[in-house]
Amino acid sequence: TVILMHRQTGMVLAKAFYRSLGTLTGALAALLIVGLFPQQRVLSLGALGLWVGLCAGGAVFHRNFKSYAFVLAGYTAAIIALPVASHPLGVFDSAIARITEVMLGLLVSAVISDCLFPVRLRDSLRLTARAQFTHFVDFVRRSTAGQMPREEMERAHLRFVRDVVTLEDLRLAFDQIAPRL
């Protein structure tokens, strides 16, 4: 539940979606790896290492919660497969336990965020865009009038980059959840 905490309801729902996707994918990978190599620890660990590496590589190519889903798929497979290396028949129980624990946490977080403390992402996105536009217009006005020292201009440029990344993160999260709302 703590992992999913965000101020905006939409961000909680988007993160919950990708967390569930990563958990289910990792559980399926663990079942497949243990099923393919039940009595061969070296091959099982090699396949698990390859899976974690592929997931880490996928996380590098994506941003935001998609990246999080890749990372989660990798370490979920390890959490499920490693404890049952000595007794591979327990992999299904381990996978079901992990899935139910994560899904219950996601459900509780989503219900509390959406029903008890709703802060809509749409409103946050609109307010952030307006504030950034106001800061940009102020920057243009002051810099073209020669009222802004060089150090302040450099700080303003860094702030604009940070603001653009923040706005893009909010926009991507909104695009991911808007069809579901």
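The rules behind these values
Residues numbered from 1 in each chain as written. Predicted model: local features only at pLDDT ≥ 70, side-chain atom pairs only at ≥ 80, totals over all residues. Heavy atoms only, no water. Helix = DSSP H or I, 4+ residues; strand = E, 2+ residues; numbered from the N terminus. Expected span 1.5 Å × (residues − 1). Buried < 20%, exposed > 50% of the residue type's maximum accessible area, 1.4 Å probe, protein only. Core = buried A, V, L, I, M, F, W, Y, C linked by side-chain atoms within 4.5 Å. Contact = heavy atoms within 4.5 Å.

**Q** I'd like a rundown of helix H4 (residues 91–116), residues and numbers included.
**A** If you check H4, its first and last C-alpha atoms are 37 Å apart, about what 26 residues at 1.5 Å a residue would give, namely 38 Å. Listed in full, the buried residues belonging to H4 are Val91, Ser94, Ala95, Arg98, Ile99, Val102, Gly105, Leu106, Ser109, Ala110 and Ser113.

**Q** Break down the nonpolar core for me, with residues and values.
**A** Formed by 15 residues in total, the largest nonpolar core has its most connected members in Ala27, Ala30, Leu48, Ala77, Ile80, Ala81 and Val91. For this core, the secondary structure elements donating two or more residues are helix H1 (9–36), helix H2 (41–61), helix H3 (64–81) and H4. Ranked by the residues each element gives to this core, the list is headed by H1, at five residues. If sequence neighbours within four positions are ignored, isoleucine 80 has contacts with Ala27, Ala30, Val91, Ser94, Ala95 and Arg98.

**Q** Please set out the environment of glycine 35 residue by residue, giving values where relevant.
**A** Its place among the elements puts glycine 35 in helix H1. In this structure glycine 35 comes out as exposed when scored by relative accessible area, which is 54%. Between the C-alpha atoms of glycine 35 and proline 88, which are 53 residues apart in sequence, the distance is 7.9 Å.

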